[in-house]
Amino acid sequence: MSGIESWPKRWSEEPKRDTIAEKVKNFISPPPPLKRQIMIASYRVATQMNKLDYTLSKLQAYDRQLFEKVVNSLTEGDRSRAAMYANEVAEVRRMTKVIMTVRYALEKVKLRLDTTLIMGDVNADLAPAIVALKQVAGYLRGTMPDVFTDLMDIDEELQTAVTQYTSGAVPMLDNEFVTEEAQKILKEASIVAEQRMKQEFPELPSVEGAPASTGQQGSATVGASK
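## Considerations on the overall build of the protein
Scanning the protein from terminus to terminus reveals 7 helices and 0 strands. A total of 226 residues make up the protein; the buried ones form 43% of that total. Relative to all contacts within the protein whose residues are 6 or more apart in sequence, the contacts with residues 24 or more apart total 76%. Approximately 12,200 Å² of the protein is accessible, and the part contributed by carbon and sulfur atoms is 53%.

So, in structure tokens, the structure goes:
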């Protein structure tokens, strides 16, 4: 049996070990049931989403301050200073879009985790989420290393849990279907982030030496460069 039919046997009980070493290790320090591990992962992902929301709120507030400085500088006829602030706005919005895309991707990953808790189909629901989680974490390596580290830990723990609790039938994390589903998660998150950027960040006035359309400035689109 596989999928939902065999799920109850693996859901709340430890699996049967094949080697003596594994049995000894399991006896000394038995791993928690897969259901609990997925629940913990879902909670930890939600915690990282909250951190990103807090960072986004600070970036948006900073963007408003810079926007006002651009307008004030133009009003005062100081175009060089306006260009300086406008370029800073462009950088803030580039970073904002990346973080915003990651945040929406994590929301979709969490949904996959929660779906797995309900349906129990590890291969179909969890594998794409694991792949997407690892990919999306990479975009935060330089900007938010603490979140990057936590996401990589969650990803590693999920991979280990699935390996332990699928009777050796490890999900093919690099097969075509899983990769395609993971890219779909990232692409959808990028589209949502793009729409939100257009709605919440006003375009700057045209300033020589600065991006002409900072409010809709393109950024490193998560998933598109992979």
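Now that the structure has been shown, the text picks up again.
## A closer look at the pattern of salt bridges
Enumeration over the complete set of coordinates arrives at 12 salt bridges. Across the pair Asp114 and Lys110 runs a salt bridge whose closest N-O atoms are separated by 3.0 Å. Separated by 4 residues within a single helix, Asp114 and Lys110 lie in helix α4 (residues 79-119), roughly one turn from each other. A salt bridge links Glu200 to Arg196; the nearest nitrogen and oxygen atoms lie 3.0 Å apart. Separated by 4 residues within a single helix, Glu200 and Arg196 lie in helix α7 (residues 176-200), roughly one turn from each other.

## Let's talk about the confidence of the model for the protein
In this model, the protein carries an average pLDDT of 79, and 70% of its residues clear a pLDDT of 70 or more. When pLDDT is averaged over each element of the protein, helix α3 (residues 34-75) comes out on top at 94 and helix α1 (residues 7-11) at the bottom at 46. Per-residue pLDDT stays below 50 along residues 1-11; that stretch engages in 18 contacts with residues further than four places along the chain or on separate chains. Taken together, the stretch residues 213-221 has pLDDT below 50 and engages in 23 contacts with residues farther than four places along the chain or on a different chain.

## A few points about α3
End to end, α3 covers 61 Å across 42 residues, agreeing with the expected 62 Å (1.5 Å per residue, within 8%). Note on α3: the residue one or two positions beyond its end, Gly77, has a positive phi of about 80°.

## Side note on the side chain of Gln135
Relative to the helices and strands, Gln135 resides in helix α5 (residues 122-138). Given the relative accessible area of 17%, Gln135 is considered buried. When neighbours within four sequence positions are excluded, Gln135 is seen to be in contact with Gln183 and Leu186.

Calculation criteria
- Residues numbered from 1 in each chain as written.
- Predicted model: local features only at pLDDT ≥ 70, side-chain atom pairs only at ≥ 80, totals over all residues.
- Heavy atoms only, no water.
- Helix = DSSP H or I, 4+ residues; strand = E, 2+ residues; numbered from the N terminus.
- Buried < 20%, exposed > 50% of the residue type's maximum accessible area, 1.4 Å probe, protein only.
- Contact = heavy atoms within 4.5 Å.
- Areas by Shrake-Rupley, 256 points an atom, 1.4 Å probe, with all protein chains shown as cover.
- Salt bridge = Lys/Arg side-chain N within 4 Å of Asp/Glu carboxyl O.
- pLDDT = per-residue confidence, 0-100.
- Expected span 1.5 Å × (residues − 1).

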